[in-house]
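# Chain and residue survey
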Amino acid sequence: MLCDLTSFRNSVLGSIFVISASAGNINNANHFLTVVGICANLIFIILPFFFEMSAGVVSTEKSREGINPVLYHLSVLCGFVLLIDPVMSIFQRTLSEKSSLFMFVRKHTDNTRLEAAVKRAASFKVNRLVRNARDVHKAAELDGDIGQGLETRYGIAMLAYAKVSDQMEELDGFRRTWNRIWTRELFEDEGIWLTTHVLSGNLAQVTVCVLLAALFIIVYSSELFQQGLDYLDKLVPGYSQRWRLVVPLFVGVVCGELTIISIISKYIPSSVNTVMQFRSGGFESLKGRSFLKLRYAIDNSSLLFGSIFWGTFYTSVMMGFFFMILFGIILWPDFAQLIGLLFANIIGIGLTVMLKWIVLRSYRRVSQQGYYRKSVVLSNVVNIILESWNLALGIGYMVIRGLYFMLAATMFIGRVDVPFLSQDACFVGPIELDSFPLIFRKDLLSHEAHRHPYIERLGVMYMLKLQHDDFGSRAGTYWRLLFIYALLPWMRKYRRHDESLVISGFKFAANRIWTGRMPAESEQSVESSKQAADALSELEMLRAENNNLRMLLFGNGKSSHLTSSCPPDLSGSGVPNSLQKSIITV
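Rules of the game
Residues numbered from 1 in each chain as written. Predicted model: local features only at pLDDT ≥ 70, side-chain atom pairs only at ≥ 80, totals over all residues. Heavy atoms only, no water. Helix = DSSP H or I, 4+ residues; strand = E, 2+ residues; numbered from the N terminus. Expected span 1.5 Å × (residues − 1). Buried < 20%, exposed > 50% of the residue type's maximum accessible area, 1.4 Å probe, protein only. Phe/Tyr/Trp six-rings, centres within 6.5 Å; stacked < 30°, edge-to-face > 60°. Lys NZ or Arg CZ within 6 Å of the ring centre and 35° of its normal. Core = buried A, V, L, I, M, F, W, Y, C linked by side-chain atoms within 4.5 Å. Patch = residues over 30% accessible without salt bridge, like charges linked within 9 Å, V, L, I, M, F, W, Y side chains within 5 Å. Areas by Shrake-Rupley, 256 points an atom, 1.4 Å probe, with all protein chains shown as cover. Salt bridge = Lys/Arg side-chain N within 4 Å of Asp/Glu carboxyl O.

Turning our eyes to something else, we now look at helix α19 (residues 474–487). Think of an α-helix as turning once every 3.6 residues; residues three or four places apart then point the same way. An ideal rise of 1.5 Å per residue puts 20 Å on 14 residues; α19 measures up with 20 Å between its terminal C-alpha atoms. Residues Ala 475, Thr 477, Tyr 478, Leu 481, Leu 482, Tyr 485 and Leu 487 constitute the buried set of α19.

The next thing to look at is the packing of aromatic side chains. On inspection of all chains with the given rule, the structure shows 10 aromatic pairs. Among the aromatic residues, those joined into a ring-pair cluster are Phe 309, Trp 310, Phe 313 and Tyr 314. Lying across the ring of Phe 283, Arg 441 places its NZ or CZ 4.3 Å from the centre. Sitting over the ring of Trp 193, Arg 451 keeps its end group 3.8 Å from the ring centre.

Soluble globular proteins tend to bury their nonpolar side chains together. Ranked by size, the top nonpolar core spans 19 residues in total, and within it Ile 192, Leu 194, Tyr 267, Ile 268, Val 272, Val 416 and Phe 440 carry the most contacts. Secondary structure elements with two or more residues in this core: α9 (185–188), α12 (243–280), α14 (303–331) and α17 (436–451). A per-element tally of this core places α12 first, with six residues. Ala 204, Leu 212, Ile 264 and Phe 309 belong to the second-largest nonpolar core, a separate cluster that totals 10 residues.

To continue, consider a nonpolar patch on the surface. A contiguous nonpolar surface patch, about 830 Å² in accessible area, is contributed by Val 12, Ile 16, Leu 42, Ile 43, Phe 44, Leu 47, Phe 50, Phe 51 and Phe 80. Elements that contribute at least two residues to the nonpolar patch include exactly α1 (2–21) and α2 (31–50). Among the elements that make up the nonpolar patch, the one with the highest residue count is α2 (five residues). Inspection of the secondary structure assignment puts Phe 80 in helix α3 (residues 68–82).

It is worth spelling out the pattern of salt bridges at this point. The tally for this structure, following the rule as stated, stands at 11 salt bridges. A salt bridge links Arg 184 to Glu 188; its shortest N-O distance comes to 3.9 Å. Accessibility expressed as a relative area gives 28% for Glu 188, which makes it partly exposed. The salt bridge involving Arg 415 is made with Asp 417; its shortest N-O contact spans 2.9 Å. No difference in accessibility class separates Arg 415 from Asp 417, as the two residues are buried.

This is the structure we're talking about:
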């Protein structure tokens with residue numbers, strides 16, 4: 001019961017601190033919210049470190065045992081770090097907007113540069129899309145004659161696109177990703193936005209480095225460890241044997257720190273790689289069967305920060321403890337004879353495996369060619385020998401395989417960014433054994449839904465439509481159709497002609513406002529039955545679209561409309577109504 005009350009008290013006070021300390025962490029926050037954030041840091045973190053008191057449920061009395069002193073110093077250090085942003089905000093407001101110091105502070109303390117990089121990335125991507133389409137048409141001109149008619153031009157362009165559509169580009173590796181981050185190419189060309197959970201998780205992992213070093217100091221100064229050092233000093237009089245215990249402890253700490261550094265350096269490249277996989281189709285996105293899981297329970301992303309922190313801590317401690325025990329057993333004098341015998345066996349096994357590899361390599365050159373055997377008799381004899389040999393060696397192979405799995409699982413406790421278990425091994429019935437990689441992808445996609453360069457450009461179009469009623473008119477829709485069909489004819493496969501999937505009454509180009517009422521199931525069934533009865537076949541639809549484009553390009557045989565400011569009205573032109581609706585809503 002007491003534990004429950006303590007947990008409840010910590011949860012309430014922690015929530016109050018997080019809300020109040022974050023009050024001033026918004027752009028252009030007023031002075032009151034900034035002062036609230038500063039006071040929260042002073043009251044909850046900094047002042048309790050220097051003053052001890054106890055009043056009711058609030059107590060600042062400190063324990064001097066174990067790792068607690070390190071945590072106290074680390075918390076006050078974090079408190080001073082949290083004060084940087086509100087203090088810089090106040091300092092910025094006291095400066096003149098024309099001063100060079102003001103411009104320097106603003107450049108390095110807000111997201112203006114990152115927002116501008118996303119906008120530049122949108123322009124870069126659109127320009128690259130047009131350049132690639134132009135290159136495809138140039139290749140089409142070299143491959144065939146385009147003077148035979150309009151359909152031939154489209155056909156040759158589609159063939160040229162089919163030739164280059166299978167070309168793939170390798171994703172950036174570890175070093176290349178960090179290099180592109182350093183040169184800002186990843187932000188200004190690809191529009192990558194690093195999520196808050198990734199950045200804060202990296203900062204938490206740096207904190208784990210400090211905690212592990214503090215843990216080393218605590219273990220070294222503990223009474224049990226000092227007794228072990230005294231025991232080693234008595235083994236050989238006149239010679240200090242402390243190194244037999246100090247070296248394993250030092251090796252364990254170094255291995256733990258290297259593990260943390262390895263995890264820290266891989267989180268950002270891994271998140272960038274995942275985003276690029278979703279953008280390029282490497283991972284299933286909107287049309288994937290499992291994509292609905294990524295759109296559900298986005299609030300689970302609140303689990304990421306704690307999982308990254310504690311997962312990295314557990315991984316580093318377990319790896320450090322493993323190597324410390326391993327080197328401790330090797331260097332401890334009581335195990336010297338056993339370790340010598342073990343190393344002799346390892347050397348013998350290594351020589352045997354090397355001899356086996358040389359013999360089998362020579363045999364494969366003589367007797368095998370891919371999946372086919374050159375000498376059937378020799379192959380059968382060798383297979384019988386190998387089957388008998390590997391039947392006994394399978395015991396050791398499985399033990400080694402189990403050790404590999406345990407070591408890899410230990411390494412991946414702190415890696416919530418990538419799945420450790422495959423899709424087949426991750427589920428035991430309806431229970432998912434490791435859901436954290438899925439949560440990590442949810443967090444990335446929730447930021448992509450707001451920060452993708454194309455989403456940013458589409459948002460600009462919507463805002464212009466809200467500000468200017470004549471933006472996005474029917475004439476502009478027709479010209480956009482002409483542009484897309486002429487320059488990017490392969491984009492036609494992304495057109496949606498099924499009007500049952502479109503919300504009734506909501507058409508962006510028609511300047512109508514959706515009332516927010518979804519159509520009833522009866523209305524949807526009646527509408528879908530009408531459309532099913534009046535629907536054209538795919539071939540008829542394509543023919544109708546080609547006739548429509550001819551009419552837009554060349555008119556009704558009288559004069560061309562290419563130079564006019566507005567294409568002709570298509571009402572009464574013989575184009576099916578469903579086609580007219582789909583054209584208007586592009």
